[in-house]
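Fold and contact review
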Amino acid sequence: MSKFTSVLINRISPYAPGEQLRERKYIKLNTNENPYYTSPEAVKIINESTLKNLNRYSDPECTELTKTIADYYGVESGNVLVTNGSDEAIAFAFYAYGQCGLQYPDVTYGFYDVLAQLFDLNVKHVPLNDDFTVDIKKYENCGKTVVLANPNAQTGIELNKSSVESLIKNNSDNVVIFDQAYVDFGNFNAVELIKKYKNLLVINTFSKSRSLAGARVGFVVADSALIDDLKKVKNSFHPYNVNSVSSALAAQALKDDEYFHITVNKIKKTRDKLAEELKLLHCSVLPSAANFLMVKSAALGGSDLYSKLKDNGILVRHFSDSRINDYVRISIGTDEETVILVDRLKKILMENGNESFGN
Ligand SMILES: *Cc1c(COP(=O)(O)O)cnc(C)c1O
């Protein structure tokens, strides 16, 4: 660090993103990206006429994309705010509603702690149950802003509709933030509840199910009063927060519903098949409603398994938090990548646990 920093930055410890190795030699299953390319219909939008307007600022209201999102989910444009990735939406929401303190699980998306520290907010971490499920009773009328990734990050476990609704209903004096980065791989989308509950803020992203991680587009759906709060933060921080190329891409990707369903269904199928195969290799796998699996081997600890997979050309994610450090997180890739993964994993486990797996 330089000698010029303000005390404000001395106390923060930034998010450590998963490795983004630029060499292509690894099978990359570490950052929950979509293994399938962006919708070809969306890519077609990037032509001379889109690029010719880059001398002008982007539309600060993201009018087109906002309307496309609103129509898709059956809400009004005033219920939607488009952001630069959903990380930005989380930041706006923490800034707007964090003063009363935040409450979220001990095992969840690591960026929440980073942002809470940046904005100097108090956090109550509530331990997940032993089976990594959320005990919703511990969140009822807690007097803090509730933040839940659903399906939860790092576990993939999803709350059902009645739990989600009961949580929102029993926190009518606080905002409840649902971070739905993985929702399209699961079974329940809370967006349908925003008309009924004025304290519900739903955050979504184009990064995972829409194959647009590199475009950086996220969005919030909520009652218009909450959206107006977030707009106030946005316009105090970065009025032109979404670039024109990304917003054109995202709008077209959302319209290409057929491609979306095909790719999402493929990922869900691959996920469920992989979970079964891993169990045959004596691994335990958390029940996932996301595009990744948390996997624990009977033969090798999480950190060893991560290194051995890396030595074998496969990049997965390992977290050092004590509750999940026995696990590795494997993002769902293509079927071809999954065959190679299972093959190499089997070899690694046989070499290290003297196990044999039949066949
Ligand atoms: C990936 C992820 C995000 C960030 O998504 P971006 O839109 O790419 O910023 C937010 N929350 C959770 C739980 C995630 O897994």
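Residues numbered from 1 in each chain as written. Predicted model: local features only at pLDDT ≥ 70, side-chain atom pairs only at ≥ 80, totals over all residues. Heavy atoms only, no water.

Next up on the list: the site of the ligand. In the neighbourhood of the ligand, 13 residues make up the surrounding shell, with Ser86, Tyr182, Thr205, Ser207 and Lys208 lying closest. Contact between the ligand and Lys208: an oxygen atom at 2.9 Å from a side-chain N or O atom of the residue. Between the ligand and the protein, one listed contact pairs an oxygen atom with a side-chain N or O atom of Arg216 at 2.7 Å. If the ligand stood free it would expose 390 Å²; the protein chains cover 93% of that surface. Ranked by residue count, the leading element in the shell around the ligand is helix 5 (residues 85-97), at four residues. Of the residues that constitute the shell around the ligand, the class distribution is five nonpolar, four polar and four charged. (Near = heavy atom within 4 Å. Polar contact = N/O pair within 3.5 Å; in protein donor to acceptor, adjacent residues only side chain to side chain. Areas by Shrake-Rupley, 256 points an atom, 1.4 Å probe, with all protein chains shown as cover. Helix = DSSP H or I, 4+ residues; strand = E, 2+ residues; numbered from the N terminus. Nonpolar A, V, L, I, M, F, W, Y, C, P; charged D, E, K, R; others polar.)

Note the cis peptide between Asn150 and Pro151, where omega equals -10°. We note that Gln154 has phi near 70°; this positive angle belongs to a residue other than glycine. By the secondary structure assignment, Gln154 is in the loop between strand 5 (145-149) and helix 7 (161-169). Here Arg216, not a glycine, exhibits a phi torsion of approximately 60°, which is positive. Tracing the sequence through the fold places Arg216 in the loop between strand 7 (200-205) and strand 8 (218-222). Arg216 gets classed as partly exposed once you look at its relative accessible area, which sits at 31%. (Buried < 20%, exposed > 50% of the residue type's maximum accessible area, 1.4 Å probe, protein only.)

Now for the domain arrangement of the protein chain. Partitioning the protein chain into domains gives domain 1 (7-37 + 258-351) and domain 2 (56-256). Between domain 1 and domain 2, the C-alpha centre-to-centre distance is 24 Å. Taken residue by residue, the interface counts 31 residues in domain 1 and 35 residues in domain 2. Summed over both sides, the interface of domain 1 with domain 2 buries roughly 2,700 Å², with 56% coming from carbon and sulfur. The largest share of the area that domain 1 buries against domain 2 comes from Tyr15, Phe260 and Arg323, three residues that together contribute 26% of it. For the pair domain 1 and domain 2, the interface holds one salt bridge. Close ionic contact of Arg323 with Asp106 constitutes a salt bridge, the shortest N to O distance being 2.9 Å. At the boundary of domain 1 with domain 2, the tally comes to 17 residue pairs in polar contact (both at pLDDT 80 or more). (Domains from an automatic or database assignment. Contact = heavy atoms within 4.5 Å. Buried area = accessible area lost by both parts, 1.4 Å probe. Salt bridge = Lys/Arg side-chain N within 4 Å of Asp/Glu carboxyl O.)

It is worth spelling out helix 7 at this point. Helical geometry: 3.6 residues make up each α-helical turn, so side chains three or four residues apart lie on a common side. Of all the positions in helix 7, only Ser163, Val164, Glu165, Ser166, Leu167 and Ile168 are classed as buried. Contacts made by the buried residues of helix 7 are with strand 5, strand 6 (176-179) and strand 7.

Inspection of the entire model under this criterion finds twelve salt bridges. A salt bridge links Asp272 to Arg271; the shortest N-O distance between them is 3.0 Å. Residue Asp272 is classed as partly exposed on the basis of its relative accessible area, which comes to 42%. Of the residues examined, Arg271 reaches a relative accessible area of 7% and is grouped as buried.

One pass over the full model with this rule turns up 14 aromatic pairs. An angle of 90° between the planes, with centres 5.8 Å apart, marks the rings of Phe132 and Tyr327 as edge-to-face. Placement of the pair is Phe132 in the loop between strand 4 (123-126) and strand 5 and Tyr327 in strand 12 (residues 327-331), with a sequence separation of 195 residues. Members of the aromatic cluster, joined through ring pairs, are Tyr15, Phe94, Tyr104, Tyr109, Phe111 and Tyr112. Across from the ring centre of Phe260, 3.6 Å away, lies the NZ or CZ of Arg210, which sits over that ring. The ring of Phe292 has Arg329 sitting right over it, with the charged end atom 5.6 Å from the ring centre. (Phe/Tyr/Trp six-rings, centres within 6.5 Å; stacked < 30°, edge-to-face > 60°. Lys NZ or Arg CZ within 6 Å of the ring centre and 35° of its normal.)

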